[in-house]
Amino acid sequence: MNRIDALRERVGIAYGGDYNPEQWPEEVQEEDLRLMKEAGVSLVSVGIFSWASVEPRPGEYDFGWLDRVMDRLAGGGVAACLATMTASPPPWLTTRHPEMLTVRADGSAISPGGRQHYCPSSPVYREHAVRLAERVATRYAGHPALALWHVNNEYGNVIPCHCDVSAAAFRRWLADRYGSVEELNDAWSTRFWAQGYSSFEEVLPPRSPAPFANPAHALDYARFTSDELLACYLAEKELLRRVTPDVPVTTNFPPSLRPVDQWEWAPHLDVVGYDAYPDPLDADAAPKVAFSYDVMRSLRGGQPWLLMEQAPGAVNWRPRNAAKPRGAMRLWSWQAVAHGADAVMFFQWRQSRGGAEKFHSAMVPHGGPSTRLFGEASALGRELGAVRDLAGAESPRADVAMVLDWPSWWALEGPAHPSTDVRFLDAAWSCHRPLYDAGVACDVVRADADLSAYRLVVVPNLYLTSDEAARALTRYVEEGGTLVMSFFSGIVDPYDRVHLGGYPAPFRAMLGLTVEEFHPLAEDASVGLTDGSGTVWSEEVRLEGAEAVAHFTTGPLAGEPAVTRHRFGRGEAWYLATRPDPRTMRALFDRVRDSAGVTPVLPGLPEGVQVRIREKDGSRWYVVLNHGAEAADVPLPAPMRDELTGAAPAGSLRLEPRGVAVLRSS
Amino acid sequence: MNRIDALRERVGIAYGGDYNPEQWPEEVQEEDLRLMKEAGVSLVSVGIFSWASVEPRPGEYDFGWLDRVMDRLAGGGVAACLATMTASPPPWLTTRHPEMLTVRADGSAISPGGRQHYCPSSPVYREHAVRLAERVATRYAGHPALALWHVNNEYGNVIPCHCDVSAAAFRRWLADRYGSVEELNDAWSTRFWAQGYSSFEEVLPPRSPAPFANPAHALDYARFTSDELLACYLAEKELLRRVTPDVPVTTNFPPSLRPVDQWEWAPHLDVVGYDAYPDPLDADAAPKVAFSYDVMRSLRGGQPWLLMEQAPGAVNWRPRNAAKPRGAMRLWSWQAVAHGADAVMFFQWRQSRGGAEKFHSAMVPHGGPSTRLFGEASALGRELGAVRDLAGAESPRADVAMVLDWPSWWALEGPAHPSTDVRFLDAAWSCHRPLYDAGVACDVVRADADLSAYRLVVVPNLYLTSDEAARALTRYVEEGGTLVMSFFSGIVDPYDRVHLGGYPAPFRAMLGLTVEEFHPLAEDASVGLTDGSGTVWSEEVRLEGAEAVAHFTTGPLAGEPAVTRHRFGRGEAWYLATRPDPRTMRALFDRVRDSAGVTPVLPGLPEGVQVRIREKDGSRWYVVLNHGAEAADVPLPAPMRDELTGAAPAGSLRLEPRGVAVLRSS
Amino acid sequence: MNRIDALRERVGIAYGGDYNPEQWPEEVQEEDLRLMKEAGVSLVSVGIFSWASVEPRPGEYDFGWLDRVMDRLAGGGVAACLATMTASPPPWLTTRHPEMLTVRADGSAISPGGRQHYCPSSPVYREHAVRLAERVATRYAGHPALALWHVNNEYGNVIPCHCDVSAAAFRRWLADRYGSVEELNDAWSTRFWAQGYSSFEEVLPPRSPAPFANPAHALDYARFTSDELLACYLAEKELLRRVTPDVPVTTNFPPSLRPVDQWEWAPHLDVVGYDAYPDPLDADAAPKVAFSYDVMRSLRGGQPWLLMEQAPGAVNWRPRNAAKPRGAMRLWSWQAVAHGADAVMFFQWRQSRGGAEKFHSAMVPHGGPSTRLFGEASALGRELGAVRDLAGAESPRADVAMVLDWPSWWALEGPAHPSTDVRFLDAAWSCHRPLYDAGVACDVVRADADLSAYRLVVVPNLYLTSDEAARALTRYVEEGGTLVMSFFSGIVDPYDRVHLGGYPAPFRAMLGLTVEEFHPLAEDASVGLTDGSGTVWSEEVRLEGAEAVAHFTTGPLAGEPAVTRHRFGRGEAWYLATRPDPRTMRALFDRVRDSAGVTPVLPGLPEGVQVRIREKDGSRWYVVLNHGAEAADVPLPAPMRDELTGAAPAGSLRLEPRGVAVLRSS
């Protein structure tokens, strides 16, 4: 923890962005430092994609420019989150070793000319990457600007590699995992479709089988890919730890959350980093990103995390990339802080003049410092500078926990399922939203976690359920907890083999029901419910002790249970045999919360206002955010001080649309 | 015929499914046999994908487990439809011979890990397959369980192979077909786009030419692919015939009908087998599958055929896979029997615990025998057991015949046509549906068949027309027949070369018209007709003796003929210059039927009720199916006995929704 | 110019089509010549795809059949536009040299079996092509039928090649362009994503990088591809010029306009050729093709050009290919003449019996000369024959010019932009349409042209702006011109590097504004304007001297300027910060025209009537076209003679729907 404390001491709530001065004439750096000061920048990420700039030819290094950048940063009082620079191999390397390129499932290689086109299992890549990281670490160990190591970039934000090198590594990984090919055959159910292996040597990546891959094979390949990337990370991290034992190390998880098993990774990060890119054209952008932030906050048990990247305005990689509406940059930045972030960082400091991301917004736009955007970025920097104390404040445990399990996610979206419309993030968002809208905080937990401290546990589509998870969740209810589980949970074991004995076998007793058959809905169709409508899915439920609290009213299951409740042990378990529409979901969750005794962070919150709490050394901060289109009056339980304005609102606080307040009570 | 009679004697209307006990611990087989008895199972398909299980390493065989399965079946009185197991080559074989993998048109190989990934022209594959089939045949020749051979599985239900081995085989096939490269150049019209070959050695598969392939080239590749698959079948069949001359041999045609020329294949099957997978989410599932069943019944002139696979509930390979609504499994099974099936078989007996098809429903679901589904499967088995006499009953010749020609189908859907919306199955369904809805039976015939026994012949989109077909159809009308032909028929010869002299040249005299130009409609657009509307297509018709019975009323052809009738010789020929909407099509076909004297199977059938007849030894069975949502009263021409209930309804029969009756009159 | 004058003298307004007699038995040629005479055919394109027919084996030539074709044409008084036949390499060549096949970005080769599957950088292809062209030129030099050379076919109407041969050629092209790899790195901004090259040897085509290619890399590849194709053209052209110095040389630009930089190509063509395929199912087909014709007319400064291909009726390469409605073939043919065409040619003379384009309509359809289509083609030929004098008449300079720049077009549609909905043709059409509808003629000009002669200059999405272009446009306004510029113009330099200093930096002074941020709209969304609505795009404009003439009324920019006007120097510059809907665009352009003093070709034109002028030797022709669905009365400023009817309408002219008049005033 000391490493991170030192960082916090130095940068407070870190503010800044990716800093790529090598894209500019050196004289621009003078202006950069001046503007950083003006904008309150305390931390910048340096060198993310600088491999070709520091090692322009094999083994030939040019650190001079970077030395001067680091010196200037140190001189200007800006800390450096220094990259190991290994995310984008330079042309000289891929020219000499085309076998290190990522190969897609269809056998075509990702061509150089973009980024992150390396095979994570490639020994050539790994050797060159670690060699570079060592050079960088050695050179900047002890440099006064160095405050944090940034390993690689967004591991997993690429197409998984299916090359022959990966195939060989996958075989070793399988041999480690299963010991014998008989075990592998059993785990993968290879008796089906004559897939029995006589030797590990016969196993290939799930490239493009027809009509589709063995799902267990695909699932293990996702695990393998996460592990191979983790091995890349660890190789660099160990090197860094050895050279600079006191400098904390992190990497930035990619926005989509999905590629790597973050429960496995988080213990190896000194602090969790995350890149968030909510889409301004998506009306649900804020609630969706709130879920991501809850994940980040939970990965290390409520410890602060770093928002390593976001866009000041538009991104450039969607088909249509709108700028953020006025005030959204500030509001959404504070939203990250509300959810536990100790850093508000942007990609990037100065907008590129050329290259693939020149239309990605930046703190200093193409128009320069006289732009509205730079003005807003500076104002935000000043605000964050005013709450230095908040840095290090942890998020208190919430009353509600939501289960997230990466192998289950991967398996859920595997081939040949009842419906391609059942995707994990949709399920998680649909359960998270009614809590978010009600002003209720939510932690995210492992499937086999000790849940005894929570009043309510939400389990969206836990398709893959280990025995440990089944036991943990059952015990939780038995001992008095309230649990909500959505359909298609408890279906398979960790090898994607069905839990026999009636769906969902591991939870039948707890839920008091069994499911006879699945009736997924046609595309974009809905089914009537006693109150409201269901989407995506329906299924035939046979009650075995549970009571129906809502029924299907249309379709082939009209009259059958759609939502059930079961008293089990000292607790109760709710089950959703469909995905209710958002309004119905909200009413249902209100009812469940009522039953579980879960209340909002603050009582009486107006619609659209979000509040989250952080705590440190006896202080408590309420970050209050008005996401609504109207001004709102927020009732306050006690007098507090608004750290941004210095005001001390009593009774209630008025917030304009997109308004923010940071209230402190001691 | 003796071979098949013996099978019928043994199993009656065969009932059962694919039986894959190797996916389970051996002790499960005891329960299997007990449940099969409970469910009335008489026949199971064994070993479809067991290659890797019986030959786990090259040339090393393990038949012990299968011996015990076969013995148990024999002991339990269940007959075995034993597979040659050649549909899915095991990993050891593809690892040693990757050159035997199917290669897609884009040059990428289908990766092992699924099934049916073999190149049918591969000598390696063929040798190994026949070697395996011989081993299996030799071992189980004379085994008391063995009742029927199941060669491979769903030939053609894969992407056609475009590899270099296929290329060489294609060249040999072409040399056989054309003799000289000059003949080939002429047949393929290679003077266009400078495609003239100077030698067969220059010919490649139609891989991915730009902007598109020579259609004659593509058409011959479809013929070649069907022939290569047939050669695979015949090699196995000949072996089986040699070793077990008394055991009938079949294979199961894939659901889509399209891949192989079934007229060419059917003479080589002792009994036709078919896999049917109507989609419960498709409101037209039952009428569509009725067309497939009519094809199967017609392939061997009204002989009974085997429904080798269907799903008890949901499948798993569509994007969204709904379970069948209650009662549909029973209703649709009887529908197959009504259309001449002597088997009602499912994929599969016991639902897989793992692998790619674990969410495909089965007779014994994951929930075990206490499920509703197993109960319904058992009830159906008992019903089928009650009508053993029906086995072997043939379907009487219908009054109506529909022309189906595989090369025409393939050519119709070739590259660079007036409209990609003109697809054969849509055309066939649109013509079959008004007959189905009216309770009229329909046979399916070759394009060059002797049609003199039919009152009405329907010709949907017979794009490719040989001289023989043109003569047969013309003679049919001339001699007094009534014929309905839809647009874009009679366009090309068997080499996809236009019949010159005004469309549709071979039928101008018969139809009394010529077509000036095609005006296909925009996507999803329709065009007004005198009564109703047209879809997909319109065209400018110039009458040459025919009379217009409907006109276009909108669009560039407003006022021009849309439907015509022509008295020709002693008969009459109708022509559809568009595809009328279903309601208009029904009215039109009612009128045509009236003219041709074609009446329903039973008079006065209520909407939604389907009846089909089977006959044997002086007995006649009426299988009566209520597909409608309401109960229906079916008027009966004479007293009959309901074989399922034992009742003897007089005057009329009441059928609940999804109700079935099997009435026998002697 | 003499070369072309001689051609005109011989063929008048050339009429005819692609003539491929090698697809037919030789005796058909007798009928061909007879029918050509009947149809008034004066010019036919011969041998476009005849490589395999004249060189059936390597180095073995068969010109006998072609000699007889040419002789017959000469005998029949039909001139030959003779192809060099190099567009589709024969099977023997690709079999021997598969390395000459086009390779797609994904690494797969275009398979032989179509056409134009050659890599333009392939030395093998080039040598064989020039060798063939030389043979053809030598043989037919001086042949009386030879009137025009047709090099290759539709250069660029293929997928750009990404093979290794192309890669090497691209490196040479880059070395020529940039001299040193440092310059390349600077131009391509390779500091981003670690793309710095240490040597030209490391550069590859932009095959399929992830997540996307460097846009400057992609842009240079488009330039390279255009240049390589031009090199192919020039190699053949130089050979032809050497052998037949007096015969004019052309090639036909492909319909899409986009593939090659026609400003670079046009000086090398003795006359511009173009293939136009308006879609009869597209209600905007006529105005869209009018823009293409304006481009063609402008490429060589108002000189007549040749419509080398169009379809008499339907084409065959769209998903749905409708025939032209009655009268459209005539109307659209005259539309080309109105816009300056001296040829009305079809693909093709006689409809193919087989092969990939057999459903492409032709002058002699499958139904032969008794068809309606041949009758209409003959009537059109007679009409064109009646206006021989018109051949060679130039199009007077219009009052309005629209800027078109190919590199800007390619760059605009490059990777990772604010919105994929911003496409050049849509932008050009949206600006061209209100002029077209108002009866106003429009020239097309280079971005750096001298514009002083124009009253109004329209600049749709000039994303890439060179300093020269910026200066030319600015000077134009300064000196009194009126200019309309649409959003996302002036953004980058010729290396796709942003012009810094506030968008659009090169035009800020001229426009009197800067753009803070881009707010592209969601798919198919619109935004309210003071009057009407905007589509595709919105952006935040800060006025710096300009006045707002319309505002956004909805969305995040409500109240901000949407359309502005700025008096600058002696002129004025309008700016569109969105793409107004067509009705609003029309009103806006009417207002701008009013301000600029731009009037229609003829005053008082009824809705739907188009008029264009051609002039020669003191004569002036008004080609009047009624595109509307109703008859129209066109007021005439003076008495004129209708060259088609011989009538001399006074005061006004009545035109039926799809009616055409060619009025001459001397």
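For every chain, the first residue of its written sequence is number 1, and the numbers climb from 1 along that sequence. As a convention, the first chain written is A and the first ligand written is 1, with the rest following in written order. Residue-level local features of this predicted model are given only where pLDDT is at least 70; pairs of side-chain atoms are given and counted only at 80 or more, and the full residue set underlies all totals for whole chains, interfaces and linings. Values shown for side chains rest on all heavy atoms present in the structure; no hydrogens or waters enter the calculation.

Attention shifts here to the overall build of chain A. In DSSP terms, a helix is any run of H or I states spanning at least four residues, a strand is any run of E spanning at least two, and both are numbered starting from the N terminus. A count of helical and extended segments in chain A gives 18 helices and 27 strands. Compactness check: chain A gives a C-alpha radius of gyration of 26 Å against a globular reference of 26 Å for 666 residues, within 12% of the reference. The principal-axis extent of the C-alpha atoms belonging to chain A is close to 75 × 75 × 45 Å. Taking contacts inside chain A between residues at least 6 apart in sequence as the whole, the part at least 24 apart equals 71%. Calculation of accessible area relied on Shrake-Rupley with a 1.4 Å probe; when residues are assessed, cover is drawn exclusively from the protein chains displayed. Within the structure as shown, chain A displays about 20,800 Å² of accessible surface, and the carbon and sulfur contribution to it stands at 49%. The convention is simple: Lys and Arg are positive, Asp and Glu are negative, and His and the chain ends are not counted. For this purpose, a charge sits on NZ of Lys, CZ of Arg, CG of Asp or CD of Glu. Computed over 65 positive and 85 negative side-chain charges, the separation of the two mean positions in chain A equals 4 Å. In this treatment the radius of gyration is a C-alpha quantity, and the globule benchmark scales as 2.2 Å times the residue count to the 0.38 power. The contact criterion used is simple: two residues touch if any of their non-hydrogen atoms lie within 4.5 Å.

Another aspect to go through is the relation of the copies chain B and chain A. Each copy of the sequence occupies a distinct position, and chain B is placed on chain A by a rotation of 120 degrees and an axial shift of 0.1 Å, giving an RMSD of 0.0 Å. In short, the pair behaves as if placed about a three-fold rotation axis. Nearest to the rotation axis, the C-alpha of B:Ser108 is located 5.0 Å from it, this being the minimum over chain B. Copies overlap after least-squares fitting; the atoms used are the C-alpha atoms of residues with pLDDT of at least 70 in both.

Each side of the interface is counted separately: chain B has 56 residues, and chain A has 53 residues. Both faces considered, chain B and chain A share a buried interface measuring about 4,300 Å² in area, 54% of it formed by carbon and sulfur atoms. Accessible area that two parts lose when put together, evaluated with a 1.4 Å probe and summed over both, is termed the buried area. Looking only at chain B, the three residues that lose the most surface to chain A are B:Arg320, B:Arg353 and B:Phe359, adding up to 17% of its buried area. When a carboxyl oxygen of Asp or Glu is within 4 Å of a side-chain nitrogen of Lys or Arg, the pair counts as a salt bridge. Where chain B meets chain A, there are seven salt bridges. Distance and chemistry together define a polar contact, namely a pair of N or O atoms within 3.5 Å, with one atom able to donate a hydrogen and the other to accept it when in protein, and with adjacent residues in sequence counting only for side-chain atoms on both sides. If you look at where chain B meets chain A, you find 24 residue pairs in polar contact (both at pLDDT 80 or more). Contributions of two or more residues to the side of chain B that touches chain A are made by helix H3 (51–54), helix H5 (91–96) and helix H13 (372–385) of chain B. Element by element, the count of residues in the side of chain B that touches chain A is highest for H5(B), at four residues.

The subject of this paragraph is the UniProt feature "domain: Beta-galactosidase trimerisation" (unreviewed entry) in chain A. UniProt positions are given in the numbering used here, feature names are shortened, and annotations may be inferred rather than shown by experiment. UniProt's feature table lists "domain: Beta-galactosidase trimerisation" (unreviewed entry) at residues 398–598 of chain A, given in the numbering used throughout. In this annotation, residues 398–598 of chain A is assigned 26% helix and 27% strand; the end-to-end C-alpha distance for the span is 10 Å.

Quick look at the pattern of salt bridges now. Residue and element names in this part refer to chain A. Counted under the stated rule, the structure contains 176 salt bridges over all chains. Residues Arg455 and Asp399 are paired through a salt bridge, measuring 3.9 Å at the closest nitrogen-oxygen approach. Here the residue Arg455 occupies a position in the loop between strand E11 (442–445) and strand E12 (456–459), and Asp399 occupies one in the loop between helix H13 (372–385) and strand E10 (400–403), the gap between them amounting to 56 residues. For the salt bridge of Arg471 with Glu468, the shortest nitrogen-to-oxygen distance reads 4.0 Å.

So, on to the sheet that holds strand E23 (residues 619–626) of chain C. Residues and elements named next belong to chain C. Any two strands with at least two DSSP-identified bridges between them are counted as paired. On the basis of which strands lie adjacent, the open sheet formed by four strands has the order E22-E23-E27-E25 and antiparallel pairing. The outermost strands of the open sheet, each flanked by one partner alone, are strand E22 (609–616) and strand E25 (641–642). Looking at chain direction, E25 and strand E27 (residues 660–665) are connected through two bridges and run antiparallel. Residue pairing across strands places Asp642 opposite Leu663, the latter belonging to E27.

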